[in-house]
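Spelled out, the chains give:
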Amino acid sequence: MRYALIDNSTLTAVQRVLGEIPIRNQYLVDADIPALEGFLQAILFYDDLLFLDDYKERFRESRKSYFNRMIDWKIGEETYQSLLDTAKQITESVVLNITGGQIVDGAFAPFFEMLKMNLVFTWDMRSSVYYLTIKILEGDDGVDFDKYGQLSSMIYAELVEKTGARDVPLDTKPLLYDAHGNPIKPGYYVGANEGQISSQVEAFFASLNWLAFRTIFYTLIAKELDVDLFLHPIRNSFQIQLLSKFYHGDTSDFKPIIDAINGIASDTINKVSGLTQPFILRQTLPMFVAWIAREVGDPREFISTAYALRGEKEFIEVRQQLIELEELMGREDRAEFVKKANELVRGVREQMSKVLVKYKVDTPQGIPIAPAVSVWNLSTLATGLPQIPEIDVEIKSLSFLRNILPRHGFKALYRNIVDDLARVEQLGQYHDIITSNIRFTDEASYYNWKTEGERWFGRSSHWKKAM
């Protein structure tokens with residue numbers, strides 16, 4: 001049996017795009033589709049999916065009812081609190097650093113680089129007061145407002161997700177320095193007035209804090225339980241940067257993963273080299289959401305259709321091959337393991353190729369595909385994360401997990417969210433079907449960012465000061 005843990009942020013995105021939860025920021029429409037696609041793939045390639053039942057009471061029953069074919073899992077209070085405390089401690093060591101108007105720290109800077117989001121901060125005057133403001137750095141080619149809107153909406157949506165989960169007070173404050181290295185804190189003056197942090201920037205900081213906290217929280221659970229982890233795409237992009245920050249070995253070990261995510265060919269991809277070493281499987285898959293939209297039309301039937309589809313021969317065979325690959329992890333004979341594992345990897349790739357041919361959908365914009373990168377034995381790269389007490393599982397259907405699952409170290413599925421958003425644009429007429437049930441709040445609109453021209457960044461004027 002193959003089990004996958006789906007984070008609650010992914011489930012919230014699925015409910016939004018399928019019309020269960022109304023949308024306020026209209027950029028979330030396309031931003032949620034990659035999360036839906038990932039969820040459908042999890043249904044197809046795993047035997048059972050589980051989610052953590054830690055939502056507040058007023059949201060809990062509706063979530064259980066909507067995802068009634070998933071296993072709702074509740075951790076014992078003592079262990080749960082230990083998880084929260086440990087995740088909080090780690091989060092408070094991952095500090096956002098903004099110096100001279102640019103993000104420069106070791107976890108968030110590469111995260112935004114991977115997202116291709118070039119963000120800068122300036123002091124902008126409003127009502128005779130200078131407020132710290134976040135902007136998009138605009139080059140000669142202009143700005144792709146849709147891309148920035150979609151990515152930033154995922155980040156700000158973290159605060160929406162936070163309202164449903166148990167609140168955890170995070171004491172993390174960003175490190176803010178001006179271009180001369182002077183700390184920016186209460187009492188820092190811009191011109192004749194004390195500088196203020198804008199509400200937009202405050203929300204941005206809070207969103208990143210919660211994104212980091214829940215990414216760490218779920219990573220700790222998956223690491224301890226050895227269950228495969230599906231994070232929301234924006235958290236997914238942050239997790240790989242997080243692990244590289246805490247890894248005690250050579251950080252170049254993460255380069256093959258980044259290469260695989262970015263579609264760069266590497267000899268280490270789709271090749272098993274050892275029992276304990278991480279190995280990377282990159283699989284090119286069709287966008288199943290497009291195929292299902294074509295077949296059934298009604299978004300209310302998407303999830304049930306995916307569950308029916310998983311019974312098809314192609315998916316049964318793939319899951320069986322992946323189970324065999326996991327079972328090999330217990331072998332002590334390295335030569336036997338490497339040979340057999342690579343045979344299975346080739347078999348998985350061949351079967352995935354058949355799936356791609358059968359379930360692809362042609363659109364006027366091309367064939368939308370959704371490459372996925374699985375990293376096995378991820379525990380090897382998570383050695384810097386602290387241990388927590390053994391997780392106590394409170395439901396009988398999961399009580400055997402620690403004994404039945406091979407102790408191979410958890411896996412995570414990675415995607416290139418920037419590429420996924422570009423492929424959403426290829427959905428053509430199926431996009432209308434997928435989004436046909438979406439509901440908007442009365443105040444729904446597009447929330448765009450201010451821009452800062454490259455030639456003007458670092459310069460000051462009467463209405464704007466460089467940070």
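Residues numbered from 1 in each chain as written. Predicted model: local features only at pLDDT ≥ 70, side-chain atom pairs only at ≥ 80, totals over all residues. Heavy atoms only, no water.

Engineer: Residue-level account of the nonpolar core, with values.
Structural biologist: Of all hydrophobic cores here, the largest spans 154 residues; its most connected members are Phe39, Leu49, Phe108, Phe112, Phe121, Phe204 and Tyr414. In terms of residues, this core owes the most to one element, helix α7 (residues 199-225), which gives 15 residues. If we ignore the near neighbours within four places in the chain, the residues touching Phe108 are Val94, Val95, Leu96, Ile103, Leu208, Ala212 and Phe238. (Core = buried A, V, L, I, M, F, W, Y, C linked by side-chain atoms within 4.5 Å. Buried < 20%, exposed > 50% of the residue type's maximum accessible area, 1.4 Å probe, protein only. Helix = DSSP H or I, 4+ residues; strand = E, 2+ residues; numbered from the N terminus. Contact = heavy atoms within 4.5 Å.)

Engineer: Could you give an account of unusual backbone geometry, naming the residues involved and the relevant values?
Structural biologist: Of note in this structure, Lys116 is not a glycine but carries a positive phi near 60 degrees. Counting through the fold element by element, Lys116 comes out in the loop between α5 (108-114) and β7 (119-126). Despite not being glycine, Ser128 shows a phi value in the positive range, around 65 degrees.

Engineer: Account for the packing of aromatic side chains, naming residues and giving values.
Structural biologist: This model, assessed by the stated rule, comprises 27 aromatic pairs. Aromatic side chains Phe45 and Phe288 sit 6.1 Å apart centroid to centroid with 65 degrees between the ring planes, which places their arrangement in the edge-to-face category. Here Phe45, found in helix α2 (residues 28-45), pairs with Phe288, found in helix α10 (residues 288-296); they are 243 residues apart in sequence, far enough to count as distant. You can call Phe45 buried: its relative accessible area is 6%. The rings of Phe108, Phe111, Phe112, Phe121, Tyr156, Phe204, Phe205, Phe238 and Trp449 are connected pair by pair, giving a single aromatic cluster. For Arg2, the ring lying beneath its charged end belongs to Tyr46, and the centroid distance is 4.1 Å. When the ring centre of Tyr131 is taken as reference, the NZ or CZ atom of Arg126 above it lies at 4.1 Å. (Phe/Tyr/Trp six-rings, centres within 6.5 Å; stacked < 30°, edge-to-face > 60°. Lys NZ or Arg CZ within 6 Å of the ring centre and 35° of its normal.)

Engineer: An account of empty space enclosed by the protein is requested, with residue identities and associated values reported.
Structural biologist: Across all of its chains, the model carries seven cavities of 30 Å³ or more by this definition. Of the pockets and cavities examined, the largest cavity occupies roughly 150 Å³. Among the elements of the structure, α2, β14 (279-283) and β15 (372-376) are those that each provide at least two residues to the lining of the largest cavity. Partitioned by chemical class, the residues of the lining of the largest cavity number eleven nonpolar, three polar and two charged. When its volume is computed, the second largest cavity comes out at roughly 90 Å³. Residue lining of the second largest cavity: Ile6, Thr10, Pro34, Ala35, Gly38, Phe39, Phe230, Leu231, Pro233, Leu413 and Arg415, and that is the complete set. Sort the elements by how many residues they give to the lining of the second largest cavity and α2 lands first, with four residues. (1 Å grid on protein atoms, 1.4 Å probe; cavity = no way out; pocket = protein on both sides within 12 Å on 5 of 7 lines; lining within 4 Å. Points joined across faces, edges and corners; volume = space filled by probe spheres on them. Nonpolar A, V, L, I, M, F, W, Y, C, P; charged D, E, K, R; others polar.)

Engineer: Account for the pairing of strand β8 (residues 129-138), with residues named and values stated.
Structural biologist: Counted residue by residue, β8 has seven buried out of ten residues, so it is predominantly covered. Hairpin remark: β7 followed by β8, antiparallel, with two residues in the connecting loop; positive phi at Ser127, about 55 degrees. Bridge count for β8 against strand β18 (residues 450-453) is four bridges, and the pairing is parallel. Paired with Glu138 across the two strands is Gly453, which belongs to β18. (Pairing = 2+ DSSP bridges.)

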